[in-house]
Structures are given as C-alpha cells and as structure tokens.
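Results of the structural survey
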Amino acid sequence: MHDLLIKNASLPDGQRGIDILIRNGNISAIGPAIYADGIPQIDAVGDLVCSPFVDAHFHMDAVLSYGLPRVNESGTLLEGIALWGELKPLLTKEALISRALKYCEWAISQGLLAIRSHVDICDPRLLAVEALLEVRDRMKEFIDIQLVAFPQDGLLRSRGAHVQLIRALDMGVDVIGGIPHFERTMSAGMQSVQVLCRLAAERGLMVDMHCDESDDPMSRHIESLCEQTIHYGLQGKVAGSHLTSMHSMDNYYVSKLLPLMKESGVAAIANPLINITLQGRHDSYPKRRGMTRVPELLEYQIPVAFGHDCVMDPWYSLGSGDMLEVASMGLHVAQLTSQKGMRACFEAVTTAPAEIMGLSQFGLRPGCEGSLVMLDAGDPVEALRLKPVRRYVIRRGRVIAKTEVPRTRLMLGEDASNISRRFND
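The rules behind each value
Residues numbered from 1 in each chain as written. Predicted model: local features only at pLDDT ≥ 70, side-chain atom pairs only at ≥ 80, totals over all residues. Heavy atoms only, no water. 1 Å grid on protein atoms, 1.4 Å probe; cavity = no way out; pocket = protein on both sides within 12 Å on 5 of 7 lines; lining within 4 Å. Points joined across faces, edges and corners; volume = space filled by probe spheres on them. Helix = DSSP H or I, 4+ residues; strand = E, 2+ residues; numbered from the N terminus. Nonpolar A, V, L, I, M, F, W, Y, C, P; charged D, E, K, R; others polar. Phe/Tyr/Trp six-rings, centres within 6.5 Å; stacked < 30°, edge-to-face > 60°. Pairing = 2+ DSSP bridges. Axes fitted to C-alpha atoms, helices over the stretch in contact; angles between N-to-C directions. Core = buried A, V, L, I, M, F, W, Y, C linked by side-chain atoms within 4.5 Å. Buried < 20%, exposed > 50% of the residue type's maximum accessible area, 1.4 Å probe, protein only. Contact = heavy atoms within 4.5 Å. Expected span 1.5 Å × (residues − 1). Polar contact = N/O pair within 3.5 Å; in protein donor to acceptor, adjacent residues only side chain to side chain. Salt bridge = Lys/Arg side-chain N within 4 Å of Asp/Glu carboxyl O.

1. A word on empty space enclosed by the protein
By the definition in use, this model includes two cavities of 30 Å³ or more. Estimated volume of the largest cavity: approximately 100 Å³. His-59, Leu-77, His-210, Glu-213 and Trp-315 are the residues nearest the centre of the largest cavity, which is lined by 14 residues in total. Of all the secondary structure elements, the ones that give two or more residues to the lining of the largest cavity are α1 (77–87) and α8 (272–278). Looking at the lining of the largest cavity residue by residue, the classes come out as eight nonpolar, four polar and two charged. The calculated volume of the second largest cavity comes to roughly 40 Å³. As for the second largest cavity, its lining consists of Trp-84, Lys-88, Leu-91, Asp-120, Asp-123, Leu-126, Leu-127 and Ala-128. Split into classes, the residues belonging to the lining of the second largest cavity amount to five nonpolar, no polar and three charged.

Below is the structure:
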C-alpha cells in the first residue's frame, strides 16, 4: 500500500490551501498544513483535487467497434440496435477483451476510475460476459468495473434471455438490467420490470434498467420500476437509465411521477451525449432536446448521474472517455448555467454516480480510498469550462497517470502582468 501527501489543493467545495494525507492507500487526514516526513509529496499549487470520475452508464462490450460491420447511416437508436445484432455473431472473446482494455487505458488517463458497464446477455454464447469478467479482473488494481446483465433484445422478447441473464449473474455479473420499452407490448414491458425486480430482491442485487429511451410520452415504465422497487423493498438500490420519454411527457403527469420517484428512491442516470444525438430523430422543427428532466429531478432531490453510454460504437461515432465532456453537454442541454447547476453537473460525474453505484470507498474524507484526480483548474466550474488535462491520477495513494503542463492557466481575476511573469519564468 502507498503513502502520499498532497499539498496546497483546492477542493470541490471551495476550500483552498488544503493538504491531503494518504496512508496505506487510504485518506487519513484532510486539512491545512499537514506535516508528514519521509513520504512522497505533490504540490497542487492551488489546482483542483477531486474524487475520481465515475461513469454510471456505459457499454464496454461495444466500445471501439465503430464501423463493424458497417456504419449507422441513419444515426438512430433502432439502427444501432440492428447493427449490434449484425455484429454479435462476428464477435470474438479476444477482440472484445482487446477493445475493452484499450478503453480502460483511455479512461484511466482521464481520471475515470469506476465504470458501470451493461453487457449484452442475449447471445447464448455469453462471450461478452466472459470477456468483461476477465477485463474486470485484469484491471481491478486500476479501475473498478461494475457489470450489469443487460437483455439488449428484451427479456421476454428474446428467446432464452431470462435463462442467460441468470447464467450471467451466476458467473459473477453484479447488477440486474432490463429494457422494458423494447419488449413487444406495454404489458410485456411491465411484466419484465416485475420479473427483474423480484429476481433482484431474491438475490440481494442492485437494478439498473434502460427505461423509456424513447420520444414517446406514453412510454411510462419508470412508474412501474418505482412501484416494483417499493413493492420489493429495493429503495436506494435501483436506477432508471436514459428516461428520455420524460422530456415529452405533459407537466401534469410529471408532477405525479416525480414524487413517486422520490418515494421509491430510484435514481436517474442521463446520458447527455447520446440522448441529444439519438432522440428527436423523427422531429422536424421544433426538435426535442432528447434528455430527461434533469433540473426537475435535482429540484426534487432525486439522485442524478451522467453516463458516457457509448464511445465509437454502433450508436455513437465519437467520444474519448472524458467525463467532463459528458458533464459539459449535460450542463448545456439542461441549461444548468447557475453556479449551483454547474456544480451539480460536476457532481453528476463524480460523487453522485459513486453513491448510486454503492462505491462508498470514493470520496474526499478520512477513511475513504486514496484515489484522487488533480486537474489543471481551480474549481469545478473552471474544470467544466476548460476540460483541462489531468495533472495526476492517483489510485490508493499511487500515481497511475501523470501529465506535465505549463503553469499558464488564467485564474479568474488574475491580471495580464501576472501572466507575463509566468511566461517569463
């Protein structure tokens, strides 16, 4: 285990000139002027130090497969699903592992140290499950990977999916997933929610369901998910991902839905980059934004996280693993431009997803894991504006990624003479 002292850090809550002492891989003290002799030290020189970035919604089995076997020409969700169906028979375990490991390298360099990845279980070979379980084990010293058993083609719609989902759980997959809006009928979708929540209660597992990823305001499986969460006592263990139909629902219905979500403890995971890309494709103008009602969810104190969802796969041709890009898109789409709103967007890719995923070891307090990120920025808002390099990425007190940067960042209120002196230095 590793010891490390970080000096003169700025924290996300606004504290400045703070030292962070890591002993045996865990944070042992946080405060000004901490003295520790004989251990490595890093001077943050006022830069922001935060807990690691966390991606609460991703598809690592599809990552970096863009163009295989062809490109999604329409850019729609349904063509992406169809394209993934074409690719599945061509997948090999070796290729899945290679692409996932490459993405993990990208993620670590960006300070992204925890990912919840959905893994398709509708292929009876369960190749993707085997591959990602191996990746999870091989990368555990550097990044936490939480896997969701995801019936991409529908739990009830896809033959054998229920049995294969249970097999995946028995193999070591962590979380139960679903996609009720992709079942053949509304009633089948409701049934799938009930079956999956009952299974989660029986096994003591968390649930994370693709829910209402649609422009259809009548896609309302989130209410079924909330009801079943309460029925089976799963409060605090369930998340609804995407929830894009909420942007098309009438305000009266939403005024009833939000209290139900609050009562059930169901968290919301939006995916700004992908939601804004895939939704509204059938609109002319005005064109819907396609992301769920993040400001209203936050106002109701419903936990909200942002996920990257896709990077260079059948649904999305871009992406780099930078969660600040995700947060920035979420900020713009939701018009969360107040100081409070922008900080909530930063939390949506750090502390909020960690809490939703049950990662109690992540945080900036004594006793937490000494896993931190130092950014070339002074505070969360500046980090969102600049999307700066990660000066240091630290895992349990050990530096696992480092980027040397010139000290030329313009701080708010700093005059040109100070900048000139820096360049001359």
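2. Digging into the packing of aromatic side chains
Note on aromatic pairs: each is described by the distance of the centres and the angle between the planes. In total, this model carries four aromatic pairs according to the counting rule given. Seen from their ring centres, Phe-58 and Tyr-103 are 4.6 Å apart, and the 15° between their planes marks the pair as stacked. Here Phe-58 is found in strand β6 (residues 53–58), whereas its partner Tyr-103 is found in helix α2 (residues 93–109), with 45 residues between them in sequence. Measuring from ring centre to ring centre gives 6.3 Å for Tyr-103 and Trp-106, while their planes differ by 55°; the resulting arrangement is tilted. Here the residue Tyr-103 and the residue Trp-106 both occupy positions in helix α2, the gap between them amounting to three residues, near one helical turn.

3. Details of the sheet that holds strand β15 (residues 390–395)
The four strands are arranged β5-β14-β15-β16 in an open sheet whose pairing can be described as antiparallel. Each of the sheet's edge strands pairs with one partner strand only, and the pair in question is β5 (48–50) and β16 (398–402). Each strand of the sheet is rotated relative to its neighbour by a mean of 20°, with strand direction disregarded. Judged from the four bridges that link them, β15 and β16 form a sheet pairing that is antiparallel. Within β16, the position partnered with Ile-394 by the bridge is Val-399.

4. Notes on the nonpolar core
Formed by 110 residues in total, the largest nonpolar core has its most connected members in Met-60, Val-135, Leu-225, Met-261 and Phe-306. In contact with Leu-225, other than residues within four places in its own chain, are Val-193, Cys-197, Val-207, Met-209, Cys-211, Val-238, Ala-239, Gly-240 and Val-266.

5. Points about helix α10 (residues 323–334)
Each full turn of the α-helix corresponds to 3.6 residues, which orients residues three or four apart in the same direction. Here α10 spans 16 Å end to end across twelve residues, near enough to the 16 Å set by a 1.5 Å rise per residue. Along α10, nine of the twelve residues are buried, which leaves the element largely enclosed by surrounding structure. Capping of α10 at its N-terminal end is provided by Asp-322; its side-chain oxygen lies 2.9 Å from the backbone amide nitrogen of Leu-324. The first or second residue beyond α10 is Gln-335, which carries a positive phi of 55°.

6. With respect to the sheet that holds strand β8 (residues 144–150)
One open sheet accounts for eight strands, arranged β6-β7-β8-β9-β10-β11-β12-β13; its pairing is parallel. What marks the edges here is a single partner per strand, and that holds for β6 and β13 (304–306). Across this sheet, the average inter-strand angle for adjacent strands is 25°, counted without regard to direction. Helix α5 (residues 186–203) rests against β9 (175–178) and β10 (206–211) of the sheet, and its axis sits at about 180° to β9.

7. Here we look at the layout of surface pockets
Here the largest pocket is characterised by a volume of approximately 480 Å³. Taken together, 15 residues form the lining of the largest pocket, with Leu-298, Gln-301, Ile-302, Ala-344 and Glu-347 sitting closest to its centre. Secondary structure elements with two or more residues in the lining of the largest pocket: α9 (294–299), α11 (339–347) and α12 (351–356). Here the lining of the largest pocket takes four residues from α11, the largest share from any one element.

8. Describing the pattern of salt bridges
Evaluated as defined, the whole model comprises 24 salt bridges. Notably, a salt bridge pairs Asp-123 with Arg-125, separated by 2.8 Å at the nearest N-O pair. Residues Glu-141 and Arg-396 are paired through a salt bridge, measuring 4.0 Å at the closest nitrogen-oxygen approach. Of this pair, Glu-141 sits in the loop between α3 (127–138) and β8 while Arg-396 is found in the loop between β15 and β16, placing the two residues 255 residues apart along the sequence. Classification of Glu-141 by relative accessible area gives partly exposed; the value is 45%. Each member of the salt-bridge network shares a partner with another, and the members are Glu-141, Asp-144, Glu-369, Arg-395 and Arg-396.

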